Amino acid sequence: MRAEQAWGAFTLVFALGTIAVAAVLVSLGHDPYQIGAFAIIAIMVYLYVMYKRYHIELVTEGDIALFSDPDDLRILCEIYGLGGSGRAYIDRQRLKDFVRAHPERSFVWVAPRPVRSVGSALAIPSPEPEEELTVPRLVKKLLSDTPSESSMKGPLIGGARRSSERLAAMGECPVCESTLEKTRSVCPECGADLEFYSVLADSRLGRRLISEKTGARKRKLRYTAE
Ligand SMILES: [Zn+2]
């Protein structure tokens, strides 16, 4: 099920639920105008949060090639609801297929699992032919899939240029949050390419990826400490 459809169904459930609660409160003798205003505010807040959090940038094919950490690729797959395998070449391929399935789009809707399950519970099942990728076919696809010239924009996400000012202004590593004493291009603590992640952090998608990455790193550190 596509994220838009899942959100459509989920929003319908939310709106109907809000209306039902409002109707019950009014029938219990509460002021209908006040309850109506609250219901409208609740729906507006819901729509705002949904839009802010789940309408995110679609990474470009060229940018996919710039991610070298398999963890980043896995997190990206999970953000887009593709299911990360943790194996770089598979995740990279899933992302490429996803990008190609959304041509001319710079933003896409993503839906977390609970929203998807509400959506599919309400959906009328329609057979969606999904091509099963067998290993030989995958290998063939990988060999034929070289990113097009135009999609390779440069060394940083979105074709941003590297600049020493950006590095000089950085007080802490965007990934591990350790303080940077002097200007560096690579974090001495976690080895992250500081400019790459700093530019990435300018987008909703990037902030999500980095917060997942930071969380995963902290969990890993905790395990090794125990
Ligand atoms: Zn770091």
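Per-chain numbering applies: the sequence of each chain, read as written, is numbered from 1 onward. Local features in a predicted model are, by the rule used here, given only for residues with pLDDT of at least 70; side-chain atom pairs are given and counted only at 80 or more, and totals for whole chains, interfaces and linings are based on all residues.

Quick look at the overall build of the chain now. Numbering goes from the N terminus for both helices and strands, where a helix is a DSSP run of H or I of at least four residues and a strand is a run of E of at least two. A tally of helices and strands in the chain yields 10 helices and 2 strands. Listing each helix as α and each strand as β along the chain from the N terminus yields α-α-β-α-α-α-β-α-α-α-α-α. Sorting the 226 residues of the chain into buried and exposed places 21% on the buried side. Contact between two residues is assigned whenever their backbone-derived C-beta positions fall within 7 Å. For the chain, the proportion of contacts with a sequence separation of at least 24, taken over those separated by at least 6, is 62%. For every residue, the other C-beta atoms within 10 Å of its own C-beta are counted; 20 or more classify it as buried, 12 or fewer as exposed, and values in between as partly exposed. C-beta atoms are placed from the backbone.

Moving on, we get to the confidence of the model for the chain. Detailed reading of the predicted coordinates is not advisable wherever pLDDT is low. One confidence number per residue, pLDDT, is output by the predictor and ranges from 0 to 100. With 85% of its residues at a pLDDT of 70 or more, the chain has an overall mean of 84. For the stretch residues 146-154, pLDDT sits under 50, and the model shows 13 contacts to residues farther than four places along the chain or on other chains.

For helices, the axis comes from a line fit to the C-alpha atoms of the stretch in contact; other axes are also lines fit to C-alpha atoms, and the angle between any two N-to-C directions lies between 0 and 180 degrees. Interaxial distance between helix α1 (residues 3-27) and helix α2 (residues 32-54) falls to 9 Å at its minimum, and their mutual angle equals 160°. Comparing their axes, α2 and α1 come out roughly antiparallel. The way α1 lies across α2 gives a crossing that is right-handed. From α1, Trp-7, Phe-14, Ala-15, Thr-18, Ile-19, Ala-22, Leu-25 and Val-26 reach across to α2, where they touch Pro-32, Ile-35, Gly-36, Ala-39, Ala-42, Ile-43, Tyr-46 and Met-50. For the contact of α1 with α2, the residue count by class is 14 nonpolar, 2 polar and no charged. Between 65 and 115 degrees an angle is taken as roughly perpendicular, under 35 as roughly parallel, over 145 as roughly antiparallel, and anywhere else as oblique. In a left-handed crossing the near helix is turned counterclockwise from the far helix by less than a right angle, and in a right-handed crossing that turn is clockwise. Polar here means any residue other than Ala, Val, Leu, Ile, Met, Phe, Trp, Tyr, Cys and Pro, which are nonpolar, and Asp, Glu, Lys and Arg, which are charged; Gly is therefore polar.

The geometry of helix α4 (residues 70-79) relative to helix α10 (residues 204-225) is characterised by a closest axis approach of 10 Å and an angle of 120° between their N-to-C directions. Here α10 runs oblique to α4, going by the angle between their axes. In terms of crossing hand, the pair formed by α4 and α10 is right-handed. Counted together, Asp-71, Asp-72, Ile-75, Leu-76 and Ile-79 of α4 and Leu-205, Arg-208, Leu-209, Glu-212, Lys-213 and Ala-216 of α10 form the full contact between these two elements. For the contact of α4 with α10, the residue count by class is 6 nonpolar, no polar and 5 charged.

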